[in-house]
Amino acid sequence: MVSRVIPVDVFDLVIFGGTGDLARRKILPGLFRRFCAGQMQPEAQIIGAARAEMDSAEYREMVADAVREFSAEGSVGDEDLAQFVERLHYVPIDARGESGWSDLVSHMRPGVVHAFYFSVAPSLFGDLAERLNIHGLTNDASRIVVEKPFGRDLESARALNRDLAAYFDESQIYRIDHYLGKETVQNLMAVRFGNMLFEPLWNSQYVDHIQITVAETVGVGGRGDYYDKSGAMRDMVQNHLMQLLCLIAMEPPSKFDPDAVRDEKLKVIRALDKMDPHHIVRGQYEASDDGPSYREAVGDPRSRTESYVAMKVGVSNWRWAGTPFYLRTGKRLKARSSEITVVFKELNHSIFGEQEDHHNVLSIRLQPNEGITLGVTIKEPGPGGMRLIDVPLDMSFAQALGDDADAPPDAYERLIMDVIRGNQTLFMRGDEVEAAWAWTDPIIKGWEERGDVPKLYESGSDGPVDAVQMLARDTRVWRKVSP
Ligand code: NAD
């Protein structure tokens, strides 16, 4: 199956922080892949802008190395790479000072899309927006892309929104949550709203509960300083898990258009119940043979920051009242796996007499092995009478779609192309982010006021036992975390 690649308009993309980790690992290799796929016009140009002093030739070398290092083995052709780096320029710049700005202005061409990717610390977002304005770069053709974290609480998120809104209209601001760029997340919407099968059952009458799991095997690694001030709630739940919850729970938008989708997501956040502290479990991983404990990793023997959180969330609206959403995310867990699972209710009556309970389960796997599986009940083959078993109807994209799906575009690739196309559907709107913080803040504040200490859990396990007990109290179990 051959997918159609439609080239995007000619653009000048400026990557502030173009020498940083994110630019080298994700943004530039992603742009290279879009270039190879024929989605970038030959006239497109990419301008790295960062603090380091170097010229464009040195930058091209740095980017070529990064693309080779962070692309799949054997996927980078020398000829393609040479052509790609010809599109690159570099401007040393100071986000807080005057140096480099006139040089940047001289690179920007009239009549093409201007995109500015803020791949720098959020403390520089306001300075960059202000300087773009001072130097006449905030015209109708310009848009900015901002990275997470978007604030650390409601107050700081509001301040960031205000700083950006001083120079840019909301329609020009693209707040990245790379989970929304994942192929399966968009497929979740296609499955829900493109089929007659699911939507009629998508409510508390038929859905017993929903689980959202984002499990990582890695620890905090070298990000200890940052992570310890943040924790799983700020780093993962407030943005990624919340966004997934919104897409699962939202009402069908009237059309697949940015504001229609984001209006519905916002309504979900506003319908979230205030959290009961008994419905949250926080955890911290212990040391193991292959790594230090959380506290050792962050260098604070008394740290109370959580590396794991599990919670039971209620959505108080007509569709979902009574159906719990169980969310969990953590580091140093047994397997790396992100999955959303919709567990349907049992049959009201079984004509087959006493058999084990059979629930239909729809699993949406985000990583690894993106795909969707629907568990259905069938008869066990053979002459042994009418015995029922559950089997998966599996839609693994790689299998179903052939070569195209072996390497679906990385989330960053898709999202950057959406920025150039001017499509904000998969980006968070300012009011959404603020609403998410407004819900998260009291939870974190409660922990701080109560001096809540996270439960310890074994590295390489499923997380704290208390999280298992939380579901057991509801006579439910977590789905197995498997790679
Ligand atoms: P980094 O520290 O590796 O790079 C920072 C970049 O900013 C460098 O290019 C540096 O030259 C530039 N910079 C710093 N001060 C500057 C100034 N005054 N003027 C101009 N340029 C300046 O950081 P990173 O890991 O690439 O992260 C960048 C942003 O992306 C951060 O907001 C981070 O939270 C976010 N983010 C990073 C990742 C990741 O995987 N690295 C993932 C998600 C979000």
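Source: prediction; values computed, not measured.

1. Quick word on the overall build of the chain
Right, on to step 1. Helices and strands together make up the secondary structure of the chain, namely 16 helices and 15 strands.
Right, on to step 2. Taking 483 residues into account, the globule formula puts the C-alpha radius of gyration at 23 Å, and the chain, at 24 Å, falls close to it.
Right, on to step 3. A principal-axis box enclosing the C-alpha atoms of the chain has dimensions of 75 × 55 × 45 Å.
Right, on to step 4. In the chain, buried positions account for 52% of the 483 residues.
Right, on to step 5. Counting every atom, the chain has about 22100 Å² of accessible surface; 50% of that belongs to carbon and sulfur.

2. A look at unusual backbone geometry
Right, on to step 1. Of the consecutive residues K148 and P149, the connecting peptide bond is found in the cis state with omega at 0°.
Right, on to step 2. Secondary-structure assignment places P149 in the loop between β5 (142–146) and α6 (154–165).
Right, on to step 3. Cis peptide bonds are those with omega within 30 degrees of zero, and the linkage from Q367 to P368 qualifies with -15°.
Right, on to step 4. Counting through the fold element by element, P368 comes out in the loop between β12 (361–367) and β13 (371–379).
Right, on to step 5. A positive phi angle, close to 55°, is found at R332, a residue other than glycine.
Right, on to step 6. Looking at the secondary structure, you find R332 in the loop between β10 (325–330) and β11 (337–344).
Right, on to step 7. Given the relative accessible area of 11%, R332 is considered buried.
Right, on to step 8. Positive phi is not limited to glycine here, since T475 has a value of about 50°.
Right, on to step 9. Checked against the element boundaries, T475 lands in the segment after α16 (465–472).

3. Considering the domain arrangement of the chain
Right, on to step 1. Domain annotation for the chain reports domain 1 (11–147) and domain 2 (180–409 + 431–472).
Right, on to step 2. The distance between the C-alpha centroids of domain 1 and domain 2 comes to 34 Å.

Here is what the cut-offs are and how they apply
Residues numbered from 1 in each chain as written. Predicted model: local features only at pLDDT ≥ 70, side-chain atom pairs only at ≥ 80, totals over all residues. Heavy atoms only, no water. Helix = DSSP H or I, 4+ residues; strand = E, 2+ residues; numbered from the N terminus. Rg over C-alpha atoms; globule rule 2.2 N^0.38 Å. Buried < 20%, exposed > 50% of the residue type's maximum accessible area, 1.4 Å probe, protein only. Areas by Shrake-Rupley, 256 points an atom, 1.4 Å probe, with all protein chains shown as cover. Domains from an automatic or database assignment.

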